[in-house]
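Chain by chain, the residues:
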Amino acid sequence: MTNFSELNISESTLRSVKRMGFEEATPIQEGTIRFAIEGRDVLGQAQTGTGKTAAFGIPLIEKIDPKNPNIQALVIAPTRELAIQVSEELYKIGYDKRVKLLSVYGGQEIGRQIRALKNRPQIIVGTPGRIIDHINRRTLKLEDVQTLVLDEADEMLNMGFIDDINAILENVPTERQTLLFSATMPPAIRKIAETFMRDPEIVKIKAKELTVDNIDQYFVKSAEREKFDVLSRLLNVHQPELAIIFGRTKRRVDELAQALSIRGYLAEGIHGDLSQAKRISVLRQFKENKIDILVATDVAARGLDISGVTHVYNFDIPQDPESYVHRIGRTGRAGKSGLAVTFVTPREMGYLRIVEETTKKRMTPLRPPTTDEALEGQQRLAVETLEGLIANNNLGDYRLFAAELLENHEAVDIVAAALRSLTKEPDDTPVTITEERPLPMRRERSNKRSNDRSRGGNRSFSGGGRRENTRSGDRRNNSRRDGARREGGRREGGQGRSRSPRRHED
Ligand SMILES: Nc1ncnc2c1ncn2[C@@H]1O[C@H](COP(=O)(O)OP(=O)(O)OP(=O)(O)O)[C@@H](O)[C@H]1O
Ligand SMILES: [Mg+2]
């Protein structure tokens, strides 16, 4: 590990980095900051949660001339939440230098952004659609940009943003520095590097596996219609502090969040059809631990750094291995440990193997817990709660009632009753989870598009053991983009094959 002071960084940035609690540079920071400060183009790949934001953020802030009021750096990210997060991190790094930043993203009132742009920010962090909008309105002038960052570049490719990026770059000087970062670099990224970069320094932090080894990875083989009950039991056994559950489609996410709430979990969903205000408020509640479970499409798979996420569940196995890497990477960040469980239906086992081949890591099979084991998990939680209350030692008046109870009952019965009242017992309130069709059978990786899976199944599963019909999954695609300017037909959450573009932004 290298000290930041050995990396040729100014005093003001060193102070900021120290204030952020960073003591030593992570390998990707050590490997890229030097080159980037020299002005080289850099393509950086390192595992999730290993500090890639500061790896581009520090040199970017270093290069800003505080006396120049023009926009000097542009950072493009695939999702709104990530754009917000990256701008927050850059703000912290540039704090001592008093660098002026602005994030621009879809779903936020454009007038407000236009007014903020008049305040002469020096760095813009944004999502492709909204950046283009501002360019077209002539409210964003990029001719002084010297540094361009593409965070999660491969995802922007997946989402079909390549045309947008091309259009943005027509407005950015060719004489510039380009930095491109992701935990995954599928072959197509090479094209981006060739098109947008000049003799880039390629920095790959070598690791045995693509995923971080402090995430324990499991899979559960389960029939589609049994998944939800297995998930509930797993949650009862694992008792995650903070968990993210990924679903394949927006409908899936809505249904899962609702079903979990019905069964007594504190869960909320997040996906691209929600208003931006709702997306932000759900994420805030999750960060503040007001909800324990975030149910999400791939909109939350990339880059989000939420401390304390202990568990990730892939309720549906992702269609492409990169998505898997990023999803599970929401846990086990910055050296912490985490646990990931991926559900796979028997027909989808081929996908599991492809994921394992890509990550170079085998997942451990997990036997679905029995109802008794799930109950035992909850009972243990009740025991812990009681022990915590005893340790707190402020039982005051309750002691009087306890003494009264003890006069009439056996101590063990009283404690058992207290435990029972604290235990969340198995709940079979019926819930509706519409079955998804399994992914098409597949044995090896190919770049061919599959059939459109976006329609989902038209069977439904009642978790209470009842089968019933609900509306079929033929919801129209109502993904929106800024000002309804964009084409429809592209769906969120990778419902097409990984190479067919999916959009979940703007
Ligand atoms: N040098 C450092 N020392 C300690 N913590 C750090 C350091 N650099 C970054 N971090 C912290 O590590 C966490 C992960 O960083 P970051 O979000 O930049 O990871 P990432 O590599 O971009 O991950 P992803 O691939 O998921 O986008 C953040 O909370 C960040 O504040
Ligand atoms: Mg990142």
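Worth saying up front: this structure is predicted, and the values here are computed from it rather than measured.

Engineer: In this structure, what is going on with the site of ligand 1? I would like to understand it.
Structural biologist: Neighbouring ligand 1 are 19 residues, the closest being G49, K52, T53, D305 and R330. Between ligand 1 and the protein, one listed contact pairs an oxygen atom with a backbone N or O atom of T50 at 3.1 Å. Here an oxygen atom of ligand 1 sits 2.8 Å away from a polar atom, N or O, in the side chain of R330. Protein contacts shield 86% of the accessible area of ligand 1, which totals 640 Å² for the unbound molecule. A per-class count over the shell around ligand 1 returns 4 nonpolar, 9 polar and 6 charged. Each of two domains, domain 1 (4-207) and domain 2 (211-368 + 428-481), supplies a minimum of three residues to the shell around ligand 1.

Engineer: What is the right way to read helix 12 (residues 276-287) from this model?
Structural biologist: When the terminal C-alpha atoms of helix 12 are compared, their 16 Å separation across 12 residues agrees well with the 16 Å that a helix rising 1.5 Å per residue should span. Packing partners of the buried residues in helix 12 comprise helix 4 (80-93), strand 11 (243-246), strand 12 (267-270) and strand 13 (293-296). A positive phi of about 60° marks N289, the residue just after helix 12.

Engineer: Explain unusual backbone geometry to me, please; I cannot follow it from the model alone.
Structural biologist: The phi torsion of most residues other than glycine is negative, and most of the peptide bonds are trans. Phi is positive for D199, which is not a glycine, with a value near 40°. In this structure D199 comes out as exposed when scored by relative accessible area, which is 59%. Within the chain, Q239 stands out as a residue other than glycine whose phi angle is a positive 45°. With respect to the helices and strands, the residue Q239 is situated in the loop between helix 10 (227-238) and strand 11. The partly exposed category is assigned to Q239, whose relative accessible area is 22%.

Engineer: Sorry, what's going on with the packing of helix 2 (residues 27-37) against helix 3 (residues 52-63) here?
Structural biologist: A pair of packed helices can be characterised by two numbers: the angle between their axes and the separation between those axes. Here helix 2 crosses helix 3 at 25°, and the two axes come no closer than 9 Å. The angle between helix 2 and helix 3 falls in the class roughly parallel. Between helix 2 and helix 3 lies a crossing whose hand is right-handed. Across from I28, Q29, T32, I33, A36 and I37 in helix 2, the residues of helix 3 making contact are K52, A54, A55, I58, P59 and E62. Looking at side-chain class alone, the contact of helix 2 with helix 3 contains 8 nonpolar, 2 polar and 2 charged residues.

Engineer: Explain the pattern of salt bridges here, please?
Structural biologist: Throughout the structure, instances matching the rule amount to 25 salt bridges. Among the salt bridges present, the one from E356 reaches R353, with a minimum N-O distance of 2.6 Å. One end of the pair is E356 and the other is R353, both in helix 14 (residues 349-359) and 3 residues apart, which spans about a single turn. Owing to a relative accessible area of 31%, R353 belongs among the partly exposed residues under this scheme. Between E376 and R380 there is a salt bridge; the shortest N-O distance is 2.7 Å. Of this pair, E376 and R380 both sit in helix 15 (residues 371-392), 4 residues apart, which is roughly one turn of that helix. On the accessibility criterion, E376 (36% relative accessible area) is partly exposed.

Engineer: It is not clear to me how the sheet that holds strand 15 (residues 338-344) should be interpreted in this structure. Could you clarify?
Structural biologist: Strand pairing in a sheet takes place through backbone hydrogen bonds and is either antiparallel or parallel in direction. Judged by pairing direction, the sheet is parallel, and its 7 strands sit side by side in the order 12-13-11-14-15-10-16 without closing on themselves. Each having just a single partner strand, strand 12 and strand 16 (364-365) make up the two edges of the open sheet. Pairing of strand 11 with strand 14 (residues 311-314) involves 4 bridges; the strand directions are parallel. Across the sheet, the residue bridging to I245 is Y313, located in strand 14. Packing of helix 10 onto the sheet brings it into contact with strand 10 (215-221), strand 11, strand 13, strand 14 and strand 15, and relative to strand 15 it is tilted by some 165°. Its contacts with the sheet place helix 14 against strand 10 and strand 15, and it is angled at close to 165° to strand 10.

Engineer: Help me understand the sheet that holds strand 9 (residues 201-204), please; the structure alone is not making it clear to me.
Structural biologist: The 7 strands lie next to each other as 5-6-4-7-8-3-9, forming an open sheet whose pairing is parallel. The sheet terminates laterally at strand 5 (101-104) and strand 9, the two strands that pair on one side only. Between one strand and the next, the sheet's axes are offset by a mean angle of 15°, whatever the strand orientation. Sheet contacts for helix 4: strand 4 (73-76), strand 5, strand 6 (123-126) and strand 7 (147-151); angle to strand 6, the most-contacted strand, approximately 155°.

Engineer: Can you walk me through the UniProt feature "domain: Helicase ATP-binding" (unreviewed entry) in the protein chain in this structure?
Structural biologist: Per the UniProt record, "domain: Helicase ATP-binding" (unreviewed entry) is found at residues 33-203. Across residues 33-203 one finds 41% helix and 18% strand; the C-alpha atoms that close the span lie 10 Å apart.

Engineer: For this particular structure, what's the right way to read the packing of helix 6 (residues 128-136) against helix 8 (residues 162-169)?
Structural biologist: Between helix 6 and helix 8, whose axes approach to 10 Å, the crossing angle comes to 35°. For helix 6 against helix 8, the interelement crossing comes out left-handed. Where helix 6 abuts helix 8, its residues P128, G129, I131, I132 and I135 lie against D164, A167 and I168. Tallied by class, the residues present in the contact of helix 6 with helix 8 amount to 6 nonpolar, 1 polar and 1 charged.

Engineer: When you look at the packing of aromatic side chains in this model, what are you seeing that I'm missing?
Structural biologist: Geometry of an aromatic ring pair is reported as the spacing of the ring centres plus the angle between the planes. Under the counting rule described, the total for this entry stands at 4 aromatic pairs. The interplanar angle of 75° and the centroid separation of 5.8 Å between the aromatic rings of Y91 and Y95 together place this pair among those described as edge-to-face. Geometry around F315 places K227 over its ring, the cationic atom sitting 5.2 Å from the centre. The lysine or arginine in question, K424, covers the ring of Y265, its NZ or CZ lying 4.1 Å from the ring centre.

Engineer: Explain the UniProt feature "domain: Helicase C-terminal" (unreviewed entry) in the protein chain to me, please; I cannot follow it from the model alone.
Structural biologist: UniProt marks residues 214-374 with the feature "domain: Helicase C-terminal" (unreviewed entry), using the numbering shown here. Annotated as residues 214-374, this span is 37% helix and 20% strand, and its ends, taken at the C-alpha atoms, are 25 Å apart.

Rules and cut-offs
- Residues numbered from 1 in each chain as written.
- Chains lettered and ligands numbered in written order.
- Predicted model: local features only at pLDDT ≥ 70, side-chain atom pairs only at ≥ 80, totals over all residues.
- Heavy atoms only, no water.
- Near = heavy atom within 4 Å.
- Polar contact = N/O pair within 3.5 Å; in protein donor to acceptor, adjacent residues only side chain to side chain.
- Areas by Shrake-Rupley, 256 points an atom, 1.4 Å probe, with all protein chains shown as cover.
- Nonpolar A, V, L, I, M, F, W, Y, C, P; charged D, E, K, R; others polar.
- Domains from an automatic or database assignment.
- Helix = DSSP H or I, 4+ residues; strand = E, 2+ residues; numbered from the N terminus.
- Expected span 1.5 Å × (residues − 1).
- Contact = heavy atoms within 4.5 Å.
- Buried < 20%, exposed > 50% of the residue type's maximum accessible area, 1.4 Å probe, protein only.
- Axes fitted to C-alpha atoms, helices over the stretch in contact; angles between N-to-C directions.
- Parallel < 35°, antiparallel > 145°, perpendicular 65-115°, else oblique.
- Left-handed = near helix turned anticlockwise from the far one by under 90°.
- Salt bridge = Lys/Arg side-chain N within 4 Å of Asp/Glu carboxyl O.
- Pairing = 2+ DSSP bridges.
- UniProt positions renumbered as here; feature names shortened; annotations may be inferred.
- Phe/Tyr/Trp six-rings, centres within 6.5 Å; stacked < 30°, edge-to-face > 60°.
- Lys NZ or Arg CZ within 6 Å of the ring centre and 35° of its normal.

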